[in-house]
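Residue-level structure breakdown
Spelled out, the chains give:
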Amino acid sequence: MAEYAIQAPPIVALPVAGIEKQFPVRRVYCIGRNYAAHAIEMGHDPDREPPFFFQKNANNLDISGEFLYPPKSSDVHHEIEMAVMLKSGGKNIAQAQALEHVFGYALCLDMTRRDLQGVAKKSGRPWEIGKAFERSAPVGVIHTVDEVGHVDQGRVELKVNGEIKQEGDLNQMIWKVPEMIAYLSEYFELDAGDVILSGTPAGVGPIVKGDTMAVSIEGLGAMTVPVV
Ligand code: MN
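Residues numbered from 1 in each chain as written. Predicted model: local features only at pLDDT ≥ 70, side-chain atom pairs only at ≥ 80, totals over all residues. Heavy atoms only, no water.

**Examining the pattern of salt bridges**
Within the structure shown, the criterion is met by ten salt bridges. For aspartate 62, the salt bridge goes to arginine 135, with nearest N and O atoms at 3.1 Å. Of this pair, aspartate 62 sits in strand β5 (residues 61-62) while arginine 135 sits in the loop between α4 (128-131) and β10 (137-138), and the two are 73 residues apart along the sequence. Overall, the relative accessible area of 10% leaves aspartate 62 in the buried class. The closest approach of N and O atoms between glutamate 79 and arginine 114, which form a salt bridge, is 2.8 Å. Placement of the pair is glutamate 79 in the loop between β6 (76-78) and β7 (80-86) and arginine 114 in helix α3 (residues 114-122), with a sequence separation of 35 residues. (Salt bridge = Lys/Arg side-chain N within 4 Å of Asp/Glu carboxyl O. Helix = DSSP H or I, 4+ residues; strand = E, 2+ residues; numbered from the N terminus. Buried < 20%, exposed > 50% of the residue type's maximum accessible area, 1.4 Å probe, protein only.)

**A closer look at the side chain of asparagine 34**
With respect to the element layout, asparagine 34 can be found in the loop between β3 (28-31) and α1 (36-41). Note on asparagine 34: relative accessible area 0%, which makes it buried. A distance of 3.0 Å separates the side chain of asparagine 34 from the backbone oxygen of serine 198, its partner in a polar contact. Ignoring any residue separated from it by four or fewer positions in sequence, one finds asparagine 34 in contact with Gln172, Met173, Ile174, Trp175, Met180, Ser198 and Gly199. (Polar contact = N/O pair within 3.5 Å; in protein donor to acceptor, adjacent residues only side chain to side chain. Contact = heavy atoms within 4.5 Å.)

**Concerning the coordination of the manganese ion**
Every protein donor of the manganese ion is listed here as Glu79 (OE), Glu81 (OE) and Asp110 (OD), and their distances to the metal cover 2.0 to 2.1 Å. Mapping the donors of the manganese ion onto the primary sequence yields the spacing E-x1-E-x28-D. On the criterion of sequence distance, the pair formed by glutamate 79 in the loop between β6 and β7 and aspartate 110 in the loop between β8 (102-109) and β9 (112-113) is long-range, its members being 31 residues apart. Judged on exposure class, the residue glutamate 79 and its partner aspartate 110 are both buried. (Donors = N, O, S within 2.8 Å, 3.2 Å for Na, K, Ca; no water.)

**Digging into the sheet that holds strand β13 (residues 163-169)**
Read across the open sheet, the four strands follow the order β13-β12-β16-β17; overall the sheet is antiparallel. A strand with exactly one partner marks an edge of an open sheet, and here the two such strands are β13 and β17 (221-226). This sheet shows a mean twist of 10° between the axes of neighbouring strands, independent of strand direction. Across six bridges, the pairing between strand β12 (residues 155-160) and β13 is antiparallel. Counterpart to valine 156 in the pairing with β13 is glycine 168. (Pairing = 2+ DSSP bridges. Axes fitted to C-alpha atoms, helices over the stretch in contact; angles between N-to-C directions.)

Written out as structure tokens, the structure is:
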């Protein structure tokens, strides 16, 4: 076993419904504008242009059950998304085989410092400052394919303080899960532990400290996330 010159960072691991073993996270890929109504609300053409992805860090995934309002922003937005967890990977995965690599699915939030993301977009800079901050991706328990099958339709809903802000259906994704896996695998070597956030339906908007987000995806349960 290797000895490290400094203390090694912990492996990020997520709980899995029904089993005691956890899911170790390797990488987090996030698709942008994957629901037409959300693309339109962000000022873009919803036509099916090639997908694009950004990344969050493994340790941005957060199972604390609370969202910690981040520094340096006064416009933090909620984005409810389905997370797809991979148990294997590879390069140039065919769409027809893509779902064989899926371990399970979970509720997730792609929390966004929209003001900082807006500056980055305008100046052609990377998005990490708006997207990849500490605890920026509250995530629920993983439901395995063995438990729930492959999830490709079902109501997606996010409420803030009891009021519905985002709603849609997983079947409205422009790029479906097998297409995302196949596309990503042309550019990156995917592997066990990779997580893909599959995009958010319309209705993104700001939250403030003291708010409570209640999110649900049909088949994947519900989660309540206070903003602290
Ligand atoms: Mn997103």
